[in-house]
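Observations on the three-dimensional arrangement
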Amino acid sequence: MSKLSGQLDIAVIVKQVPDINSITVDPVTHRPDLGSERVMNTYDAYAVGEAIGIKERFGGTVTVITAGPSSAREVLLRALATGADEAVLIDLPNHNDIDSLSTARILAAEIRKHGFELILAGQSTDDYEMGQVGPQVAELLGWPHVSLVTHVEVEGRTLTVNRDAEASKEVVETSLPAVLMVLSGRDRPQKFPTLRGMMAAKKKTIAVVEPGLNGQSRRLEWSDPVAIERDVKGTILKDVPAEQAAAELAAWLREQKLV
Amino acid sequence: MSSSTILVIGEHHNGRIRPVGLELITAARRLADETSGEVVIAVPGSGVAGIASEFAAIQGVDRVVVADRDALAPFLPGPWTSAVTSLIWLFRPFAVLIPASITGRDYAPRVAARLDLALVPDAIDLSLDEGHLVANRAVLGGRVQTSVRFTDTAAAMVTVAPGAFSRAEPGVSAAPIDAIDVSIKADDLRVSLVEKSEHRAGAKGLTSAERIVSGGRGLGQAENFALVEDLAEVLGAAVGASGATVGAGWRSHSDQVGSTGHTVSPKLYLAVGISGAPQHLVGMSGSDYIVAINRDPDAPIFKVASFGIVGDLFEVVPALTRQLKAMAE
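What counts, and at which threshold
- Residues numbered from 1 in each chain as written.
- Chains lettered and ligands numbered in written order.
- Predicted model: local features only at pLDDT ≥ 70, side-chain atom pairs only at ≥ 80, totals over all residues.
- Helix = DSSP H or I, 4+ residues; strand = E, 2+ residues; numbered from the N terminus.
- Rg over C-alpha atoms; globule rule 2.2 N^0.38 Å.
- Contact = placed C-beta atoms within 7 Å.
- Pairing = 2+ DSSP bridges.
- Axes fitted to C-alpha atoms, helices over the stretch in contact; angles between N-to-C directions.
- Buried ≥ 20, exposed ≤ 12 C-beta atoms within 10 Å, placed from the backbone.
- Nonpolar A, V, L, I, M, F, W, Y, C, P; charged D, E, K, R; others polar.
- Domains from an automatic or database assignment.

All right, on to the overall build of chain B then. Assigned secondary structure in chain B consists of 9 helices and 18 strands. Its C-alpha atoms give chain B a radius of gyration of 21 Å, near enough to 20 Å, the size a compact globule of 329 residues would have. In terms of principal-axis extent, the alpha carbons of chain B reach across some 60 × 45 × 40 Å. Taking the intrachain contacts of chain B between residues at least 6 apart in sequence as the baseline, contacts between residues at least 24 apart amount to 66%.

Take a look at the structure:
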């Protein structure tokens, strides 16, 4: 992984997560069953797409990095199949038992070994939604970060970044090196791997490395998750003509003093 | 200066206190009564004397400190990281409560990394267990809840979800206000705002709106949001959007309700063409009344709806708008 001068080497931090839509909750124990389906975190897929877009427009390389169990190879393969050049798996079977800051430290330690100047990460994760690793990697590297990113332009060392802020759209400027947390696949739609891409990906190698330091979670104790009960016995209208259904809803809204 | 202090970061937006700030005061007061500590509201910003006085007038606040620096406006996570880090150094609090706003979520992780503190985001409840802070939060798309206990004695950082606590009310006397000098690291000034376009006045009010009409993928295309806007207008409601529509570029992120957007708890939440993905439900399931209009009878949104219509939104919504308009006249 040598660095050519003047070339922008981009790393994308990705995570393999349970498919959030196939999680079921046991009606008796109220414990969640995560199912067997594992996918690339939604926002990370956008980040990979944006990184490949940057590479196509401005040149450079894209390396995907994950800290996780060996099954996480699948999300790395998928990224390789959509145009990423290299992949690194930091072997961390117990990745969910480690706090966010430790995960950020492990990732930052790996990133330091390479010549990356631009790090992309998803805005948040589908499973635990901590949303901390991006800004924390930036902090540990001593780099600036920009969140909620929707588009990136690179000119020399300058990054012009569009972001979707609270009640406004913003354009911010920063310089390399930097960490960007990607929100949206709007400008550069998420790329799905083609069969040809998958074949090509299988020929690329995934570097498997040991974490440079030990993860920990000594400062937080998590209880087992239990289902949130919501006991709503609502009125559901089915097979009612639109006008009549609308009239019943309007009447109900008035009854509840909502209009 | 004691480790029983509860430090609240008093955020503001467009010159106004964030309503979630008042909710944080309620949460902080409860904790402080147990720790026998003080509730200190810190107000970082530029020209924020007025905001500070507003916070000082709220019941349950013991002290307000103002960190007034030009670099703190407009909001950028770097300078706010510097300021909040300084404040935590200064107060050595038992706990730091930060709004789980788009801005709070931006600087809180950085502060935690800088000070080597544990941070739990999006708390929906806070309690004490033998002197340790316990934060409840929803995970796995809001389907399940877990409690997280801070085990060491360093300051416990949490961001608190909007709508999790009731809002504190103005009190009879005002808390003292002091100016605090915070240092802003030069390295934290490396991002600059070039352009900012305010869009859609309605979006600003999403978290404080009493009524919200939200649209989802079922609308088919961006233009069809007009149906949602028309209905919102007769209801005097703010317009929200599901994550799918934001991801598709139909709506801006500022309209998004859900785990990476706003958490809302209006009296009425009317979901149009929203199936109710877990990421969406986590953002609106605290609403008093949820109404759903969707074609798919198995859509999860109906499981949380007080009133649902299984049907074609393109027929039901215009009919509803027309009838409500007629009712108002």
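As a further point, take the sheet that holds strand 6 (residues 95-99) of chain B. Residues and elements named next belong to chain B. Across the sheet, which stays open at both edges, the 7 strands sit in the order 7-11-6-1-4-5-12 with parallel pairing between neighbours. Strands with a single pairing partner mark the edges of an open sheet, and in this sheet they are strand 7 (119-123) and strand 12 (177-179). On average, each strand axis in the sheet is tilted by 25° relative to the strand beside it, whichever way the strands run. Sheet contacts for helix 1 (residues 19-35): strand 1 (6-9), strand 4 (39-45), strand 6 and strand 11 (156-160); angle to strand 6, the most-contacted strand, approximately 160°.

What follows deals with the pairing of strand 12 (residues 178-182) of chain A. Residue and element names in this part refer to chain A. Of all 5 residues making up strand 12, 5 are buried, and the element is well covered by its neighbours. Of the two faces of strand 12, the one holding Ala178, Leu180 and Val182 and the one holding Val179 and Met181 are both buried throughout. Judged from the 5 bridges that link them, strand 8 (residues 118-122) and strand 12 form a sheet pairing that is parallel. Looking at strand 12, one finds that isoleucine 119 is bridged to valine 179. By the bridge criterion, 3 bridges tie strand 9 (residues 145-155) to strand 12 in an arrangement that is parallel. Pairing of histidine 145 across the sheet is with valine 179, part of strand 12.

On to the interface of chain A and chain B. Residue-level contacts link 71 residues of chain A with 78 residues of chain B. Only helix 3 (100-113), helix 4 (133-141), strand 9, strand 11 (168-175), strand 14 (220-222), strand 15 (226-227), strand 16 (235-238) and helix 6 (242-255) of chain A provide two or more residues apiece to the side of chain A that touches chain B. Of the residues contributing to the side of chain A that touches chain B, the split by class is 36 nonpolar, 18 polar and 17 charged.

With that settled, the discussion passes to the domain arrangement of chain B. The domains assigned to chain B are domain 1 (6-189) and domain 2 (201-328). The gap between the C-alpha centroids of domain 1 of chain B and domain 2 of chain B is 30 Å.

With that settled, consider unusual backbone geometry. Negative phi is the rule for most residues except glycine; trans is the rule for most peptide bonds. The peptide bond linking Leu176(A) to Pro177(A) adopts the cis configuration, its omega dihedral lying at -5°. With respect to the helices and strands, Pro177(A) occurs in the loop between strand 11 and strand 12. Looking along the chain, the bond that leaves Ala73(B) and enters Pro74(B) is cis, with omega of -5°. With respect to the helices and strands, the residue Pro74(B) is situated in the loop between strand 5 (63-68) and helix 3 (77-91). Positive phi outside glycine occurs at Asn14(B), with the angle close to 50°. Structurally, Asn14(B) can be placed in the loop between strand 2 (12-13) and strand 3 (16-17). You will see that Arg92(B), though not glycine, has its phi angle at about 40°, which is positive. Mapped onto the elements, Arg92(B) comes out in the loop between helix 3 and strand 6.

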